[in-house]
Amino acid sequence: MMQAMMQGAVTVLGIETSCDETAAAVVRLENGRADVLAEHVASQTEDHALYGGVVPEIAARAHVERLDSLVRLAMEDAGVGWSGLSGVAATAGPGLIGGVMAGLSTAKAIALARGLPLVAVNHLEGHALSPRLADDVAFPYLLLLVSGGHCQFVAVEGVGRYRRLGSTIDDAAGEAFDKTAKLLGLAGQGGPAVEREATNGEATAVELPRPLLDRPGLDMSFSGLKTAVRRAAEDQPLTPRRRADICASFQDAVADILAAKSSRAMEAIAETTDRRTFVVAGGVAANKTLRARLEAEARNHGFRFVAPPQRWCTDNAAMIALAGAERLRLGLADPLDTPARARWPLDQASASAAPVYGAGKKGAKA
Ligand code: KG4
Ligand code: ZN
């Protein structure tokens, strides 16, 4: 739905409920600069701990229970009042459908009650634009989006203009972190738990494969790595030392795969544009080892490297509010009957031409 482009400051309330984080934030966008006026996140890690993965029904209920108070807190902190908002944005997919419906319905109710435009945001667009929350990052840029449900290289040409260059053909990298943590019996969220363990281990201790590195192109694969981790965990008694070694070796293998493919992606994109910016975003981008490896790779290729602060790598509402504000500024709003979507590729054209079966479908964050 097109409406007039918005001039001056655009202030948006954003809501995120696609997986196991309930979040609300208020962001103001002015002269291309984003200001996060307020943000609140309630993680559900403990609600799901007993079950070894995110349970969609429990997630949806938890979102419904927490959303009202989070929105109220964000609005109080922002101090702009309902009349100070230009619109309300919510994740409309992809994600666990019950949770997405909870967030989107809340946003619709607010939009209707306050007479505000609604923006139905693609969660992946939130991640894709997240570096612009903290840094001045102009379009176009090369993006590695690496999260619990997705792992893809994208040419970000502008708001709403995304071209998928390559993708995992099976599991997402975050999913591999989560499964490794589960296999080793680590508590808490998978990625951070593996990263913590890895600090006590040797990255060269356990030999693990780097699938697809011998093949050209930007597609990736992580499922063979997961199988190899399982074998390593069953091979020998799982002492604390062994566990740390497996974590360090696994993390190194993921970093190797992503660094090598990023190197290729930068070479490919350098042929099409003079703008040399490489961005990594999504939950796995919070990983320090990975960030350091990608930064070094970018330096080698003469690219500027940008990674959002950790709190904006994992799921958050600031990136959804920002995506909403960027869209509203361009006059893009959505009707109140916009449906929630479990699946919603960022680059619809590539997804239709070459569907990537399996990617991001199996994980908790699918
Ligand atoms: O972006 P995100 O919060 O949700 C999705 O949209 O998928 O990403 C969550 C994923 C999980 O798989 C989690 O284990 C992983 O990001 N993650 C990490 C780290 N922090 C979160 N992986 C590796 N290292 C981390 N520090
Ligand atoms: Zn996400």
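In case you missed it, the structure is sitting above this.
Below, the structure is looked at part by part. Everything numeric in this text was worked out from a predicted model, so none of it was measured.

Here we come to the coordination of the zinc ion (ligand 2). Surrounding the zinc ion (ligand 2) are the protein donor atoms His 123 (NE2), His 127 (NE2) and Asp 315 (OD), at 2.0 to 2.1 Å. Each of the four donor atoms around the zinc ion (ligand 2) contributes to a set of angles spanning 96 to 133°, which defines the coordination as tetrahedral. For the zinc ion (ligand 2), all donor residues lie on one chain, and their spacing in sequence is H-x3-H-x187-D. Taken together, the residues span a long stretch of sequence, with His 123 in helix α4 (residues 123–129) and Asp 315 in the loop between β10 (304–306) and α11 (318–329) at a distance of 192 residues. With respect to burial, His 123 and Asp 315 carry one shared label: buried.

A word on unusual backbone geometry. With an omega of -10°, the peptide bond running from Gly 93 to Pro 94 counts as cis. Relative to the helices and strands, Pro 94 is located in the loop between β4 (87–93) and α3 (97–114). Residue Pro 140 follows Phe 139 across a cis peptide bond; omega there is -5°. As for its placement among the helices and strands, Pro 140 is situated in the loop between α5 (131–134) and β6 (141–146). A positive phi angle, close to 50°, is found at Asn 31, a residue other than glycine. Counting through the fold element by element, Asn 31 comes out in the loop between β2 (21–30) and β3 (33–43). At Leu 212, a residue that is not glycine, the phi angle is positive and equals roughly 70°.

Let's shift gears to the pattern of salt bridges. The full count for this structure, using the stated rule, is 16 salt bridges. Here Asp 252 ties to Arg 210 by a salt bridge, and the two come within 3.3 Å at their closest N and O atoms. Of this pair, Asp 252 sits in helix α9 (residues 240–270) while Arg 210 sits in the loop between α7 (190–198) and α8 (223–235), placing them 42 residues apart in sequence. Owing to a relative accessible area of 22%, Asp 252 belongs among the partly exposed residues under this scheme. The partner of Asp 256 in a salt bridge is Arg 210, and the shortest N-O contact between them spans 2.9 Å. Note that Asp 256 is positioned in helix α9 and Arg 210 in the loop between α7 and α8, a separation of 46 residues in sequence. Take Arg 210: its relative accessible area is 25%, and that puts it in the partly exposed class.

Parameters at a glance
- Residues numbered from 1 in each chain as written.
- Chains lettered and ligands numbered in written order.
- Predicted model: local features only at pLDDT ≥ 70, side-chain atom pairs only at ≥ 80, totals over all residues.
- Heavy atoms only, no water.
- Donors = N, O, S within 2.8 Å, 3.2 Å for Na, K, Ca; no water.
- Tetrahedral: all angles 85-135°; square planar, octahedral: opposite > 155°, others 65-115°.
- Helix = DSSP H or I, 4+ residues; strand = E, 2+ residues; numbered from the N terminus.
- Buried < 20%, exposed > 50% of the residue type's maximum accessible area, 1.4 Å probe, protein only.
- Salt bridge = Lys/Arg side-chain N within 4 Å of Asp/Glu carboxyl O.

Everything listed here is a matter of coordinates, which is why it stays silent on function.
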